Structure formats: C-alpha cells, structure tokens
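Each chain, written out:
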Amino acid sequence: MTACCGLTTFCVLVLGAGLVQPVTSLSCDGKGPCRCVFSDGSGTVDVSSLGKQDGTAGFPDVFSAFDRNTYSYNPCFEFSVGGCPNAAACKKVGSDYSLMGKQTTAVWSYTGFYPMVTYTTSDGKKTEVMFICDAAKTTPQLDVIGEVTPGTLSMNLWSNCACANTCKRTDPIPDGSSLTPGSIMLIIFFVLLFVYFSGGMMVNYVRTKGTGRELVPNLSFWSLLPGLIADGFKFSVSCVRPTKVNYQSI
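Computed from a prediction, not measured in an experiment: that's the story for all the values here.

Definitions and limits used
Residues numbered from 1 in each chain as written. Predicted model: local features only at pLDDT ≥ 70, side-chain atom pairs only at ≥ 80, totals over all residues. Heavy atoms only, no water. Salt bridge = Lys/Arg side-chain N within 4 Å of Asp/Glu carboxyl O. Helix = DSSP H or I, 4+ residues; strand = E, 2+ residues; numbered from the N terminus. Buried < 20%, exposed > 50% of the residue type's maximum accessible area, 1.4 Å probe, protein only. Core = buried A, V, L, I, M, F, W, Y, C linked by side-chain atoms within 4.5 Å. Contact = heavy atoms within 4.5 Å. Lys, Arg positive; Asp, Glu negative; His and termini not counted. Polar contact = N/O pair within 3.5 Å; in protein donor to acceptor, adjacent residues only side chain to side chain.

A. Representation of the pattern of salt bridges within the structure. The full count for this structure, using the stated rule, is five salt bridges. Taking the shortest distance from any N to any O, the salt bridge between Glu147 and Lys91 comes out at 2.7 Å. Note that Glu147 is positioned in strand β12 (residues 141-149) and Lys91 in strand β7 (residues 84-93), a separation of 56 residues in sequence. Take Glu147: its relative accessible area is 13%, and that puts it in the buried class. On the basis of relative accessibility, which here comes to 17%, the residue Lys91 falls in the buried class.

Below you can see the structure in the form of structure tokens.
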C-alpha cells in the first residue's frame, strides 16, 4: 500500500512540476552528497543523519510495487552489498545485485518543489531521490517508485530532515587510517626540529662561513645535552632506589 501511495505521489509531483512553473530561479546547490544550500538564503537541507555509516543501507530491501523488484538505499554514505560496492542505491532481483548509483556521483538539483539527488553509474544507470519536506516525519519513510524508465530508478524520501535548517550535520566517523592526536604532535615536533636545525645552519653559514659542526645552532648546548640527560637519569634512579646506610659501631 505504501509503495502504491508513493507511486501516486510521484506521478502527481511529476505532473505538477510539468504544469506549474516555479516563479523564481531557486536552486539548492550541493555541498557534497549530504547537503544542499538554497540559493535564496532560506537555509540548508542536511540529510547526513539519515544515512548509516557502518557500510550497510539505511533503507534495505524496499519493495517496488511498480516493477516488483527490491531496492536498497543509503543517503549520504556508501554501503556495499552483493555486487554493489560503494553504493548509494542497489537493485536486487532474486539473488542478483545491480548497482543503481554510486555515492561519489551525487548531484543535487531542485525540482521547483523539493530538492533531489541524482546518482549515476559508469554503465549509464541512475537513481533519482526526491527529498520531500514533512515536519511530522521524524522517522523517515522511503517510497520506492521503481524503474519507470528502464535504468532510471525513482524514489521519494519523506522526512523532516528534507526541510531547511532542521537536522544537524553528522560528519563521517573517522576510520583507522586517520591520524591520532599523538601522531599529529610527533609530525609537528619533527617538522619544527627540522626547521630549527636547517634554518640555524643557514644563518650560521651566512654569519661565520663555518663548516661541519660549527654550523650547528647552539652547539655548546647540544654538546652538553647527552651528559645532562645522563645526569638526570642517574638522579631519578637514586631517588627511587633505596640507599644503604652504614652505621659505625660505638
């Protein structure tokens, strides 16, 4: 019943878009696959909170009453299932999978009524998802129309997040390849150390025309540093290790 209602709604929206022309040249300019900004300054549509980030689809195995196939979709973030790697949308027929759109190809547009995202594939397929603003839809609902035109999948996603300035931005969860704060600090430290020595050596060369060790900035300090470290280590050990006291007999 939901899919049938979705098809009816889709047809009404398409017919309405053809009969009623927008009075302004309003657009919703894409800022990546997760959000678009209205050109009139009325706000931002952010759908990042609707997508899952664990590699699975936020809307898995949704049935289309039109073409009687099953489709999976995930807004904003890639998912993989069967023969659909790094997908935004995937079609399942029996045990076979077909990629219907890649997340990296997302292009935003404005139909005159609602924002829409179009995803494409290298073999000419595409998926069009219309984001319909419904302030009461705090739980999103995906209506899969199906392939009204072969190779072109149409969907309607009803959500309050399709309304401008409603849902908060959700950034991607860092993966294991991201640098840790400690790694960043080490990189900064060694970069500064390199700048210190290279810059100091250049200054000493210009000033003294020296060679070899004479070019090292603050040479006396660096010469004493190993001994200072050794003394500090010995002192620390002596504070921890108990000292044996010898008493003289009276």
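B. Representation of the nonpolar core in the model. Judged by nonpolar contacts, the single largest core of 27 residues is most densely connected at Tyr73, Phe131, Leu142, Met155 and Leu157. Breaking this core down by element, the ones donating at least two residues are β2 (35-38), β4 (59-63), β5 (70-73), β7, β10 (115-120), β11 (126-133), β12 and β13 (152-159). Among the elements that make up this core, the one with the highest residue count is β13 (three residues). In contact with Phe131, other than residues within four places in its own chain, are Val47, Leu50, Tyr73, Trp108, Tyr114, Pro115, Val117, Leu157 and Ala162. Counting residues in hydrophobic clusters, the runner-up holds six residues, among them Ala57, Phe79, Cys84 and Leu99.

C. Summary view of the side chain of Asp67. Relative to the helices and strands, Asp67 is located in the loop between β4 and β5. For the buried Asp67, which has no salt bridge, the nearest side chain bearing the opposite charge is Lys91, at an N-O separation of 5.8 Å. From its side chain, Asp67 meets the backbone nitrogen of Asn69 in a polar contact 3.1 Å long. Engagement of the side chain of Asp67 in a polar contact is seen with the backbone nitrogen of Glu147, the distance being 2.8 Å. In this view, Asp67 contacts Gly146 and Glu147; residues no more than four positions away in its chain are not counted.

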